Amino acid sequence: MDYQIKLLTVVAIINILFSLFVIKQERSQTNILFSLFTLFIGLWSFGVGFFIYTSNQEFALVSANLFYLAPPLIVTIFFYFSIIFVGATLKSKHYLYLLPFLILSSLLILDPYFLLRDVYAIDYGIHKDVVINRSHYIFYSIYVVGYIIASYIVLFRAKSSSALLGRERQLNVIIIGTLISYVFAAIFNLLLPYLGNYQL
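Residues numbered from 1 in each chain as written. Predicted model: local features only at pLDDT ≥ 70, side-chain atom pairs only at ≥ 80, totals over all residues. Heavy atoms only, no water.

## Quick look at the packing of helix H3 (residues 57-85) against helix H5 (residues 98-110)
We apply this condition: Angles shown run from 0 to 180 degrees and are taken between the N-to-C directions of axes, each axis being a line fitted to C-alpha atoms and, for helices, limited to the stretch in contact. Only DSSP runs of H or I with at least four residues qualify as helices, and only runs of E with at least two residues qualify as strands; both kinds are numbered from the N terminus onward. Orientation is classified from the angle alone, with under 35 degrees giving roughly parallel, over 145 giving roughly antiparallel, 65 to 115 giving roughly perpendicular, and any other angle giving oblique. For this analysis, residues touch if any pair of their heavy atoms sits within 4.5 Å. Residue type decides the class: Asp, Glu, Lys and Arg count as charged, Ala, Val, Leu, Ile, Met, Phe, Trp, Tyr, Cys and Pro as nonpolar, and the leftover types, Gly among them, as polar.
Contact geometry of H3 with H5 gives a least axis separation of 10 Å together with a crossing angle of 170 degrees. With respect to their mutual orientation, H3 and H5 come out roughly antiparallel. Residues Asn 65, Tyr 68, Leu 69, Pro 72, Leu 73, Thr 76 and Tyr 80 of H3 lie in contact with H5, whose contacting residues are Leu 98, Phe 101, Leu 104, Ser 105, Leu 108 and Ile 109. Considering only residue class, the contact of H3 with H5 consists of 10 nonpolar, 3 polar and no charged.

As structure tokens, then:
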């Protein structure tokens, strides 16, 4: 368990430092959104690390809810980053895409048992299991995966046009880098818990 906490702490620090590096380069909308994207990945890593570290069941439930709040925020920020990166202008209709996030985040904050029914220790407290609310978890997963897909649709449409002339390599790095992270996150944080592997 110690190695998990250390690894998560290193990942968190790297992402937070990278976030600061990006925002110091240029205060453009693209940089601000990408900086927030990496910052919240770092904070999510800290949240998971605290969940693993704490032996207090109530604190574990609170931290679990907080790090489950992070992915919807991360994918929403990435969606808006994708729109800005391809050169589109944010219009009033784009802000409507914030509504599902506001609803979901409100449910997660106001009802600590909306997504997670319980957290309990196993193996003499070495590991923890999370019991999810399966019906709400499906809604949660659809939101996260849906916004990831929407982001890549925006990016791939721009890739097939001339909108990103001269920035194709940068776009490829963004797509490959985020896609690898999203695949691993979806498998270990969405799919496996739903299939019954609640151990985090």
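## Things to note about the packing of aromatic side chains
In plain terms, the rule: Two aromatic rings from Phe, Tyr or Trp, using only the six-membered ring of Trp, form a pair when their centres are within 6.5 Å; if the ring planes differ by under 30 degrees the pair is stacked, by over 60 it is edge-to-face, and anything between is tilted. Partly exposed residues are those whose accessible area sits between 20% and 50% of the maximum for their type, while under 20% is buried and over 50% is exposed, using a 1.4 Å probe and protein chains only.
Tallying each qualifying case throughout the model produces 19 aromatic pairs. Note on Phe 34 and Phe 37: the rings are 5.8 Å apart at their centroids and 35 degrees apart in plane angle, and the pair reads as tilted. You can see Phe 34 and its partner Phe 37 sitting in helix H2 (residues 29-53), 3 residues apart, about one turn around the helix. No difference in accessibility class separates Phe 34 from Phe 37, as the two residues are buried. Relative to Tyr 80, the ring of Phe 79 has its centre 5.5 Å away and its plane inclined at 75 degrees; by these criteria the two rings are edge-to-face. Each member of the pair, Phe 79 as well as Tyr 80, is classed as buried. Linked through ring pairs, Phe 18, Phe 21, Phe 34, Phe 37, Phe 78, Phe 81, Phe 85, Tyr 152, Phe 156 and Tyr 182 together constitute an aromatic cluster.

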